[in-house]
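Structure assessment
Listed here are the chains, written in short residue letters.
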Amino acid sequence: MTMLSLDRRTFVSTAFLTSVAGLTGCATPAYRARSGAIPFRSAVVAKMDGGNDFQLEWQADGVQRVTVYAGTGPAPVLMGKPAGEGAGSGRIIVKGLAPDQRPFFTLVPDSGAPLVIADRALHLPSIANLRDIGGYRTADGRWVKMGLLYRSDQLDRVSDADLSKMSQLGLQLVVDLRTQSERAREPDRLPPATPSLVLDVAGDGEGSLGGDMRKAMTAISSGKGVELLTEANRDFVSLPSARRAYAQMLDRLAAQQAPMLYHCTAGKDRTGWASAVILTLLGVPRETVMADYLASNRFLKAKNAAAMAALSKSGSSLDPAFLEPVLTVRASYLEAAFAEVEKRHGSFDAYIAQGLGISDATVERLRGHYLMGTAV
């Protein structure tokens, strides 16, 4: 393992020099020379506990050497002081980055196109399930761009400190997938002048998410939480309100190529299906889509534990074991949604075209906006 330290001035100045070079055209030839297929089969960044150090791991085919550059945005950094280097399969720890900036890392191979990655987690305590859905490899070897698509849980409890960091994302749109009652009870707290769009997924629901909450609570209190969430995931495919909401969201994504966030309350169900639709449309394999979906359990662990503790202290007669299936996600929930797609439309492509009314041209525009590299 290689361990390298970058002082804050180097980190910031590298990003600045790259921006200037891009404006003057100096960086363009280097980028063009390395355009084409991205040789990396896997690449991941994770912030290490107890500081602002980051561990990077990667695997690349036909590559002898990889140089790593650090920057403060998703544009490729191809010059300046390297943050580290390694072989075609490597791991490094980068230390000393500015604590008030989200770092992005450009992996530059000695053969093939570069890849920009970052830690998907935003690590904002008051927005537990806020994360980037970029950084995934597609079945044809392209990669989902980072710094553009964010998924999140509720935004009504955002602290001042986290709101300031959220502002750095440069969000051009926040899509609220919640019901009218949820929005009235827990209105979003957003950075100033951030545009928002309401797309009520469950507006036509009756007994699951967004429908008659008395029916929902009856189901939970009688130990039918699994059935409730399974049916809700089928509703995400079949309800007219859900089809309209997800179709409009994809249309907005296709119409712009700017940072956007979408969310519900827990950021796991309505938001989970939104992420599954986007990633699947972009060509991300099902097992990777499932892993992203199930990651909500890890990100929501502390928040859910607090909810269970509050329930125990409240004196409620509700068995905490009945609440667990509703607070978490299970593979069977997402599988129910995909099964509903097959049942109603025969294939995912048909669901996109017929169920959501998204044209082939729009699909290609989405892939052009949100994928990097060329197919292999």
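This part takes up the overall build of the protein. A count of helices and strands for the protein gives 14 helices and 15 strands. Taken across its 376 residues, the protein has 52% of its residues classed as buried. Long-range pairs, those at least 24 residues apart, make up 72% of the contacts in the protein between residues at least 6 apart in sequence. Accessible area for the protein stands at about 16,300 Å²; split by element, carbon and sulfur atoms hold 53% of it.

Our next topic: the environment of Val198. Assignment of secondary structure puts Val198 in strand β13 (residues 196-198). In this structure, the C-alpha to C-alpha distance between Val198 and Thr179, residues 19 residues apart in sequence, is 8.7 Å. Residue contacts for Val198: discarding those within four places in its chain leaves Asp176 and Arg183.

This part is about the sheet that holds strand β9 (residues 131-132). Sheets are built from strands paired through backbone hydrogen bonds, the pairs being either parallel or antiparallel. Pairing is mixed across the open sheet formed by five strands, whose spatial order is β9-β11-β14-β12-β13. Lying at the two open borders of the sheet, with one neighbouring strand each, are β9 and β13. Pairing analysis gives three bridges linking strand β12 (residues 173-176) to β13, with the strands arranged parallel. Pairing of Val175 across the sheet is with Leu197, part of β13.

What follows deals with the layout of surface pockets. One number sums up the size of the second largest pocket: a volume of about 650 Å³. In this structure, the second largest pocket is lined by 33 residues; those nearest its centre are Asp119, Ala121, His123, Arg298 and Phe299. Secondary-structure elements contributing two or more residues to the lining of the second largest pocket are β2 (40-47), β9, α9 (286-299) and α10 (301-314). Ranked by residues supplied to the lining of the second largest pocket, first place goes to α9 with six residues. Of the residues in the lining of the second largest pocket, the class split is 20 nonpolar, four polar and nine charged.

A separate point is the packing of aromatic side chains. Summed over all chains, the structure comprises five aromatic pairs. Note on Trp273 and Phe338: the rings are 5.1 Å apart at their centroids and 70° apart in plane angle, and the pair reads as edge-to-face. Taken together, the positions of Trp273 in helix α8 (residues 270-282) and Phe338 in helix α12 (residues 331-345) put the pair 65 residues apart, joining distant regions of the chain. Under the relative-accessibility criterion, Trp273 is labelled buried at 0%. Judged by its relative accessible area of 6%, Phe338 is buried. Judged by centre distance (5.8 Å) and plane angle (50°), the rings of Phe348 and Tyr351 are tilted. Of this pair, Phe348 and Tyr351 are both found in helix α13 (residues 348-355), three residues apart, which corresponds to roughly one turn of the helix. Its relative accessible area of 11% is what places Phe348 among the buried residues. Ring pairing ties together the aromatic residues Trp273, Phe338, Phe348 and Tyr351, which thus form one cluster.

Of the two faces of strand β14 (residues 260-263), both are covered, the one formed by Met260 and Tyr262 as well as the one formed by Leu261 and His263. Pairing between strand β11 (residues 149-152) and β14: four bridges, direction parallel. In the strand pairing of β14, Ser152 is matched with His263.

We now examine the sheet that holds strand β8 (residues 115-117). Strand order across the open sheet formed by four strands is β5-β4-β7-β8, with antiparallel pairing between neighbours. Whereas interior strands pair on both sides, the edge strands pair on one side only; in this sheet they are β5 (84-86) and β8. Going across the sheet, the axis of each strand differs from the next one's by a mean of 25°, ignoring polarity. Sheet topology note: the strand β4 (residues 66-71)/β5 ladder contains three bridges and is antiparallel. Its bridge partner being in β5, Val66 is matched across the sheet by Gly86.

Let us look at unusual backbone geometry. Positive phi, close to 55°, is recorded for His123, a residue that is not glycine. The phi dihedral of Ala193 falls on the positive side, at around 65°, and the residue is not glycine. Tracing the sequence through the fold places Ala193 in the loop between α4 (180-185) and β13. On the accessibility criterion, Ala193 (81% relative accessible area) is exposed.

A separate point is the confidence of the model for the protein. Close reading of the predicted structure is inappropriate where its pLDDT is low. This prediction gives the protein a mean pLDDT of 89; 88% of its residues lie at or above 70. Overall, residues 1-33 carries pLDDT values under 50, and its contacts beyond four positions in sequence, including any with other chains, amount to 60 contacts.

Turning our eyes to something else, we now look at the packing of helix α7 (residues 240-255) against α8. At a minimum axis separation of 11 Å, α7 and α8 run at an interaxial angle of 50°. Overall, the two elements α7 and α8 adopt an arrangement that is oblique. Both α7 and α8 take part in a crossing whose hand is right-handed. Packed against α7, whose contacting residues are Tyr246, Met249, Leu250 and Leu253, the element α8 presents Arg270, Trp273, Ala274, Val277, Ile278 and Leu281 at the interface. Here the contact of α7 with α8 is composed, by residue class, of nine nonpolar, no polar and one charged.

Rules used in this analysis
- Residues numbered from 1 in each chain as written.
- Predicted model: local features only at pLDDT ≥ 70, side-chain atom pairs only at ≥ 80, totals over all residues.
- Heavy atoms only, no water.
- Helix = DSSP H or I, 4+ residues; strand = E, 2+ residues; numbered from the N terminus.
- Buried < 20%, exposed > 50% of the residue type's maximum accessible area, 1.4 Å probe, protein only.
- Contact = heavy atoms within 4.5 Å.
- Areas by Shrake-Rupley, 256 points an atom, 1.4 Å probe, with all protein chains shown as cover.
- Pairing = 2+ DSSP bridges.
- 1 Å grid on protein atoms, 1.4 Å probe; cavity = no way out; pocket = protein on both sides within 12 Å on 5 of 7 lines; lining within 4 Å.
- Points joined across faces, edges and corners; volume = space filled by probe spheres on them.
- Nonpolar A, V, L, I, M, F, W, Y, C, P; charged D, E, K, R; others polar.
- Phe/Tyr/Trp six-rings, centres within 6.5 Å; stacked < 30°, edge-to-face > 60°.
- Axes fitted to C-alpha atoms, helices over the stretch in contact; angles between N-to-C directions.
- pLDDT = per-residue confidence, 0-100.
- Parallel < 35°, antiparallel > 145°, perpendicular 65-115°, else oblique.
- Left-handed = near helix turned anticlockwise from the far one by under 90°.

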